[in-house]
Amino acid sequence: MSVQPVAPPDAVLLAGPTCAGKTALALELAARFPVEIVSVDSAQVYRGMDVGTSKPSPAVRAQVPHHLIDICDPAERYSAGASAAMPCRSSATSGRVGGCRCWWAARCCTSAP
């Protein structure tokens with residue numbers, strides 16, 4: 001029996017509560033497919049807010065490109081709408097990973113790139 005190659009998916013969407021294993025699963029998928037991880041988390045956008053956010057470590061982020069993590073300071077205003085307006089373009093499959101429901105609606109259910 002021959003093994004047929006598997007085409008990469010158009011998108012990977014992983015949702016769930018903090019510390020549920022979403023990042024670990026996304027990294028496993030990235031080992032098999034050209035996936036870049038786009039954070040869909042309301043707290044991971046802020047620099048310095050590492051405790052309580054289950055933000056991937058710099059070593060983990062070095063393994064696979066991550067987007068929308070550590071992009072603004074806690075004193076700055078940022079919203080789900082601002083997230084939806086930010087482009088995340090690459091030739092890789094988009095792996096949307098996070099647990100914030102309103103951010104999912106803004107980031108994944110709009111026509112934004």
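Our structure is the block above this text.
No experiment lies behind these values; they were computed from the predicted model shown.

J.: Tell me about the overall build of the protein, and name the residues and values.
T.: When helices and strands are tallied, the protein shows four helices and four strands. Out of the 113 residues in the protein, the part that is buried amounts to 39%. Considering only residue pairs separated by 6 or more positions, the protein has 67% of its internal contacts joining residues 24 or more positions apart. Approximately 6800 Å² of the protein is accessible, and the part contributed by carbon and sulfur atoms is 57%.

J.: Outline the environment of R32, listing residues and values.
T.: Secondary-structure assignment places R32 in helix α1 (residues 22-32). It is 9.4 Å that separates the C-alpha atoms of R32 and V6, two residues lying 26 residues apart in sequence.

J.: Could you give me a rundown of the pairing of strand β2 (residues 35-39), with the residues and numbers involved?
T.: The buried count for β2 comes to five of five residues, which makes it a mostly enclosed element. Bridge count between β2 and strand β3 (residues 66-67): two bridges; the pairing is parallel. Bridging from a neighbouring strand, I37 pairs with H66 of β3. The handedness of the β2 to β3 crossover, carried by helix α2 (residues 58-63), is right-handed.

J.: Summarise the nonpolar core; cite the residues concerned and give the values.
T.: Listed in full, the ten residues of the largest apolar core are V12, L14, A26, L27, A30, F33, V35, I37, V60 and V64. Contributing elements (two or more residues each) for this core: β1 (11-15), α1 and β2. In this structure, V60 is in contact with T23, L27 and H66, ignoring residues within four places of it in sequence. By size, the runner-up hydrophobic cluster in this structure holds six residues, among which are V38, V45, Y46 and Y78.

J.: Provide a residue-level description of α1, including the pertinent values.
T.: Residues spaced three or four apart along an α-helix point in a common direction, a consequence of the helix completing one turn every 3.6 residues. Burial in α1 covers these residues: K22, A26, L27 and A30. Relative to the axis of α1, the buried residues are bounded by an arc of 135° and lie together on one face. Within α1, the exposed residues directed more than 90 degrees away from the buried face are E28, A31 and R32.

J.: Break down the pattern of salt bridges for me, citing the residues and quoting the values.
T.: Here the structure, examined in full by the defined rule, presents five salt bridges. Note that D70 is salt-bridged to K55, the shortest N-O span being 2.5 Å. Of this pair, D70 sits in the loop between β3 and α3 (80-85) while K55 sits in the loop between β2 and α2, placing them 15 residues apart in sequence. K55 gets classed as buried once you look at its relative accessible area, which sits at 11%. R61 is the salt-bridge partner of D70, the closest N and O atoms lying 3.0 Å from each other. Ionic contacts of the salt-bridge type, sharing partners, join the residues D50, K55, R61 and D70 into one network.

How each quantity is defined
- Residues numbered from 1 in each chain as written.
- Predicted model: local features only at pLDDT ≥ 70, side-chain atom pairs only at ≥ 80, totals over all residues.
- Heavy atoms only, no water.
- Helix = DSSP H or I, 4+ residues; strand = E, 2+ residues; numbered from the N terminus.
- Buried < 20%, exposed > 50% of the residue type's maximum accessible area, 1.4 Å probe, protein only.
- Contact = heavy atoms within 4.5 Å.
- Areas by Shrake-Rupley, 256 points an atom, 1.4 Å probe, with all protein chains shown as cover.
- Pairing = 2+ DSSP bridges.
- Right-handed = clockwise from strand over helix to strand, strands pointing away.
- Core = buried A, V, L, I, M, F, W, Y, C linked by side-chain atoms within 4.5 Å.
- Arc of directions from axis to C-beta.
- Salt bridge = Lys/Arg side-chain N within 4 Å of Asp/Glu carboxyl O.

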